[in-house]
Amino acid sequence: MESPDRRSHDGLSPLRSGRVRRSTRNGDQKQRKGIRALHLQLDVEASTAATLKWKTSAAAVDPGPRSKYLLNNALRLSEDRTNVTVDETGLYFVYAQIHFENARARNAFAVTVDGAFVMKCFQSLDYFNRSLTSTENSRFKPCYSASAVVLHQNQVVAVANLYAHRIYNDPAANFWGFVKLAD
């Protein structure tokens, strides 16, 4: 048994390999699960303002040979690439950013779970000069929202452009994703 000064208050103890293991009540050691995360970027070639299609980020971890869009068996991008299905129930940090490109008075998107809004982001135009054309008035307006959300197995999560306004054609500026925080 390790001395109390080497064990942290949360029951974690270091292994010689540098990995972390958690002590259980009966003294057995159990390897912690890896991080479950999915980061998606807008597929600007396949999306329209009304229908947002997503692709896995080149910067994201390769999901491996089991499925092209399955990452760590927790989340799965649909075949039409418009939503994500939850394969593991848990508490997730969900984040999303849409970068609008227009001179509309109001822009908004929502993150939905089974069609119900769980997060919304509204962005208004700071200033609109009526003597200029809409192209001259064009503004790039990022809208970001994030929250911890309990998601259950088989729930469907999506991002919707609420006013179907034009989105800036840069995948790095338009993204959403998940990080599993707890079971």
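Because the structure is predicted, anything quoted here is derived from the model rather than measured. (Residues numbered from 1 in each chain as written. Predicted model: local features only at pLDDT ≥ 70, side-chain atom pairs only at ≥ 80, totals over all residues. Heavy atoms only, no water.)

Participant: Tell me what's going on with the pattern of salt bridges, and back it up with residues and numbers.
Facilitator: Going through the model one piece at a time under the given rule, you end up with 6 salt bridges. One salt bridge in this structure joins Arg36 and Glu88, with 2.8 Å as the shortest N-O distance. In this pair, Arg36 sits in the loop between strand S3 (29-31) and strand S4 (37-42) while Glu88 sits in the loop between strand S8 (83-86) and strand S9 (90-102), placing the two residues 52 residues apart along the sequence. Connected through shared salt-bridge partners, Arg36, Glu88, Lys180 and Asp183 make up one network. (Salt bridge = Lys/Arg side-chain N within 4 Å of Asp/Glu carboxyl O. Helix = DSSP H or I, 4+ residues; strand = E, 2+ residues; numbered from the N terminus.)

Participant: Go over the state of the cysteines with me, naming the residues and quoting the values.
Facilitator: Formally, a disulfide is one covalent bond, and it connects the sulfur atom of one cysteine to the sulfur atom of another. If you walk through the whole model with that rule in mind, you get 1 disulfide. The disulfide bridge from Cys121 ends at Cys143, spanning 2.0 Å between sulfur atoms. Across the S-S bond linking Cys121 and Cys143, the dihedral sits near -110°, which makes this disulfide left-handed. Taken together, the residues span a long stretch of sequence, with Cys121 in strand S11 (residues 116-124) and Cys143 in strand S12 (residues 139-151) at a distance of 22 residues. (Disulfide = S-S within 2.5 Å.)

Participant: Now, about the environment of Phe178: what can you tell me, with residues and values included?
Facilitator: Within the element layout of this structure, Phe178 appears in strand S14 (residues 175-182). Relative accessible area serves as the criterion here: at 0%, Phe178 is assigned to the buried category. Separated by 32 residues in sequence, Phe178 and Ala146 have C-alpha atoms that sit 9.7 Å apart. Beyond its immediate chain neighbours, meaning those up to four positions away, Phe178 contacts Arg36, Ala37, Leu38, Leu75, Val84, Tyr92, Phe93, Val94, Tyr95, Leu151 and Val157. (Buried < 20%, exposed > 50% of the residue type's maximum accessible area, 1.4 Å probe, protein only. Contact = heavy atoms within 4.5 Å.)

Participant: Any chance you could break down the packing of aromatic side chains for me, citing the residues and the numbers?
Facilitator: Tallied over the entire structure, the rule returns 5 aromatic pairs. Ring centres 6.4 Å apart and planes at 85° place the aromatic pair Tyr92 and Phe178 in the edge-to-face group. On the criterion of sequence distance, the pair formed by Tyr92 in strand S9 and Phe178 in strand S14 is long-range, its members being 86 residues apart. An aromatic cluster of three or more residues is present, and its members are Trp54, Tyr92, Trp176 and Phe178. (Phe/Tyr/Trp six-rings, centres within 6.5 Å; stacked < 30°, edge-to-face > 60°.)

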